[in-house]
Amino acid sequence: MSAPNQGSLRSSRIAYFSMEVGVRSDLPTYSGGLGVLSGDTIKAAADLELPFVAVSLVHRDGYFRQTLDAEGRQREEAATWDPGEYLDRVEPRVTVEIEGRSVVVQAWKLAVIGVTGHEVPIFFLDTDIEDNADPDRRITGPLYGGDERIRLLQEAVLGIGGVKLLQGLGLDELETYHLNEGHSALLGLALLEELAESRGHEEISEGLEEVRSRCVFTTHTPVAAGHDVFPIGLVEEVLGERRTALLQAIGAVEEGVVNMTRLALRLSRFCNGVAMRHAQVSGEMFPGYQVHPITNGVHAATWTGAPMRGLFDEYVPAWREDPYLLRHAVDIPLHRIRATHREAKEQLLSEVERRSGRRLAPDRLTLGFARRAAPYKRADLLMRDPERLRAVARASGGLQILYAGKAHPRNEEGKEMIRRVVEVAETLKEDMAFAYLEDYDMELGGLLTAGVDVWLNNPTKPLEASGTSGMKAALNGVPCLSVLDGWWIEGHVEGVTGWSIGTGWDQPSDTDQEVHSLLDQLEGTVLPLYYDDPDGWARVMRSSIVLNGSYFHARRMMHEYQARAYRRG
Ligand SMILES: *Cc1c(COP(=O)(O)O)cnc(C)c1O
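Read on for an overview of the structure.

What counts, and at which threshold
Every chain is numbered independently, its residues counted from 1 as its sequence is written. Selection of residues for local features in this predicted model requires a pLDDT of at least 70, selection of side-chain atom pairs for listing and counting requires 80 or more, and totals for whole chains, interfaces and linings are taken over all residues. In computing side-chain properties, one takes all heavy atoms of the structure into account and sets aside hydrogens as well as water. Here the term cavity refers to a set of points on a 1 Å grid, laid over the protein atoms alone, in which a 1.4 Å probe fits but cannot get out; the term pocket refers to an open set having protein on both sides within 12 Å along at least five of seven lines, with lining residues being those that place an atom within 4 Å of a point. Grid points are joined across faces, edges and corners, and a volume is the space filled by probe spheres set on the points. Secondary structure elements are defined from DSSP: runs of H or I of at least 4 residues count as helices, runs of E of at least 2 residues count as strands, and each element is numbered from the N terminus. The residue classification treats Ala, Val, Leu, Ile, Met, Phe, Trp, Tyr, Cys and Pro as nonpolar and Asp, Glu, Lys and Arg as charged. All others, Gly included, are polar. Multiply 1.5 Å by the residue count of a helix minus one, and that product is the helix's expected span. One axis fitted to the seven residues ending at a residue, another fitted to the seven starting there: the angle between these axes is the bend at that residue. By the criterion applied in these results, polar contacts are pairs of N or O atoms within 3.5 Å in which, for protein atoms, one can donate a hydrogen and the other can accept it, and in which residues neighboring in sequence qualify only through two side-chain atoms. The criterion for a residue being near a molecule or strand is simple. One of its heavy atoms has to lie within 4 Å of it. Under the convention used here, a 1.4 Å probe and the Shrake-Rupley method define accessible areas, while residue burial counts only the protein chains that appear. Each domain's limits were defined by an automated method or a database of domain assignments.

### Quick look at the layout of surface pockets
Then, in step 1: In this structure, the second largest pocket encloses a volume near 320 Å³.
Then, in step 2: Along the wall of the second largest pocket there are 15 residues; nearest its centre are L68, S356, Y436, L437 and E438.
Then, in step 3: Sort the elements by how many residues they give to the lining of the second largest pocket and strand β17 (residues 434–437) lands first, with 4 residues.
Then, in step 4: When grouped by side-chain class, the residues that make up the lining of the second largest pocket number 7 nonpolar, 2 polar and 6 charged.

### Structural notes on empty space enclosed by the protein
Then, in step 1: For the structure shown, the criterion picks out 4 cavities of 30 Å³ or more.
Then, in step 2: The volume enclosed by the second largest cavity comes to roughly 60 Å³.
Then, in step 3: In terms of lining residues, the second largest cavity is bounded by R371, W455, N457, G467, T468, S469, G470, C480, S482, W487 and W488.
Then, in step 4: Mapped onto the lining of the second largest cavity, the elements with two or more residues apiece are β18 (454–457), α18 (469–475) and β19 (480–483).
Then, in step 5: Along the lines of polarity and charge, the residues of the lining of the second largest cavity split into 4 nonpolar, 6 polar and 1 charged.

### Points about helix α20 (residues 511–532)
Then, in step 1: The end-to-end C-alpha separation of α20 is 30 Å, in line with the 32 Å expected for 22 residues at 1.5 Å each.
Then, in step 2: Helix geometry: α20 is bent most strongly at L522, by close to 40°.
Then, in step 3: A side-chain oxygen of the first residue of α20 lies 3.3 Å from the backbone nitrogen of D512; this N-cap is D510.

### Notes on the site of the ligand
Then, in step 1: Close to the ligand lie 13 residues, the nearest being K377, G467, T468, S469 and K472.
Then, in step 2: Here an oxygen atom of the ligand sits 2.6 Å away from a polar atom, N or O, in the side chain of K472.
Then, in step 3: Computed on the free molecule, the ligand has an accessible area of 390 Å², of which 95% lies beneath the protein chains in the complex.
Then, in step 4: Mapped onto the shell around the ligand, the elements with two or more residues apiece are α2 (33–47) and α18.
Then, in step 5: Residues that form the shell around the ligand fall into these classes: 4 nonpolar, 5 polar and 4 charged.
Then, in step 6: Domain assignment of the residues forming the shell around the ligand places at least three in each of domain 1 (6–296 + 558–566) and domain 2 (344–545).

### Overview of unusual backbone geometry
Then, in step 1: Between E91 and the following residue, P92, the backbone shows a cis peptide bond with an omega angle of 0°.
Then, in step 2: With respect to the helices and strands, the residue P92 is situated in strand β5 (residues 88–98).
Then, in step 3: Note the cis peptide between K461 and P462, where omega equals 0°.
Then, in step 4: For P462, the position within the fold is in the loop between β18 and α18.
Then, in step 5: Although it is not a glycine, E99 adopts a positive phi angle of roughly 50°.
Then, in step 6: Along the chain, E99 falls in the loop between β5 and β6 (101–113).
Then, in step 7: The backbone of E181 shows a phi angle near 80°, a positive value even though the residue is not glycine.
Then, in step 8: Structurally, E181 is set in the loop between β8 (176–180) and α6 (186–199).

Below is the structure:
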């Protein structure tokens, strides 16, 4: 057990709350892009020496470990891990009143060290303690695993327990609480509850103003199922009468439910979406609120593969401290870019062979598609016209594809999508080698975005809030072939940083048209450039780094949060 570094901790000014955090592959406390973004945010805060602390849950059962049978049927196992092996336990413990009981919460610390040595702590909250009754010990077990009640209990531990922990650690001078996604909205309620206790309920509107002056909120999805909504009966059972009355008093109970996104909006002085288009769509979803755009970015040193890191060290030495400098990658000779990427590709293909027994050819154009198997991401889009795809693969110098991605255990449509990809791809495998790699995680994500030749993305517009895997690809000189949605609307320059699929960003998705467009782009543009014009191809790789790698990084994103969200007044 260790006491945190109190000196630097006390001067913290910003507390960042997130239900999931992905900092390292061996800590299974994330499910996808939201968690990975939180991890990258924390790393960038450490690099920028920001006075920052982060709070999340420990999720001892992880998200889950995925295996697939020969037909592509997903099986799930708990990804149980022991925080004691990786993290330091900190004092004090705090208690949270939930369901009329006192639940004891302890915390584990992970120190994230920035590029100059500055430390940002992440506190992972944990209820698996002997003092708690058995069901309470499991609250911080699975990530997104339980029912509605467990979800609300988890959000209460995160929001209310998190505020108490920070106070217990002596952090009473925090200026800004950053609510990452509606999951942490109850932290605002915890602040309000304190003010109401100290000043009385008559001044609730003043309390609300004070809470608003301390909170900022980032919304991450325009998909309805991504916004938690709890019936008021359940809210009252879990949070109790007093807190429910507070929610009512601030108008957060609407039509018999509490919507956590609306609650977070109500409790925050500033709100943002995660790309320009997403901010616009979110503004339309939540009339009356101004939703600012702050486009996501990825942590450059984390997501640049080892061979490309070496090349950047040689040509752009200070890129880790200042990834904006990657614009100077324009000076790197094309043959060096090509050879360096080839190394990353060979590393990927040996790992693919080790994991799947399938050997893909290093000189063939290799597409990559890896992300959560959520239906709107349409992993099976390329497989919708198998005979045309076969013809395209045969006519060119060769085409192969790597897939990865987990479906949420209760998402049957997502699981069906994985089965369909595997089923159709198996029938094409004589003409188009493929593998669906199991158990997508940060490590595999890093290998894939560095090692494939083209990063494919085809969500249903306008549901991709941002997407960040294409930004990782760009850092590695891997162009995108993507529907114009999320960040790609901002990063796309046709034929320069990659290629688009379908019509303009402001046109709704038309699946059949997008299937044709995807195959047309492959047949008419992407495959011919790759096989017939190696220098032209390497120029697209290089401009992906120069234009997009140098911009869509977490340092730029954090500069925007500093200038627009964290600055007060
Ligand atoms: C980057 C990353 C994501 C996010 O990918 P999207 O393009 O936003 O869908 C999800 N999961 C893992 C493991 C990642 O590394």
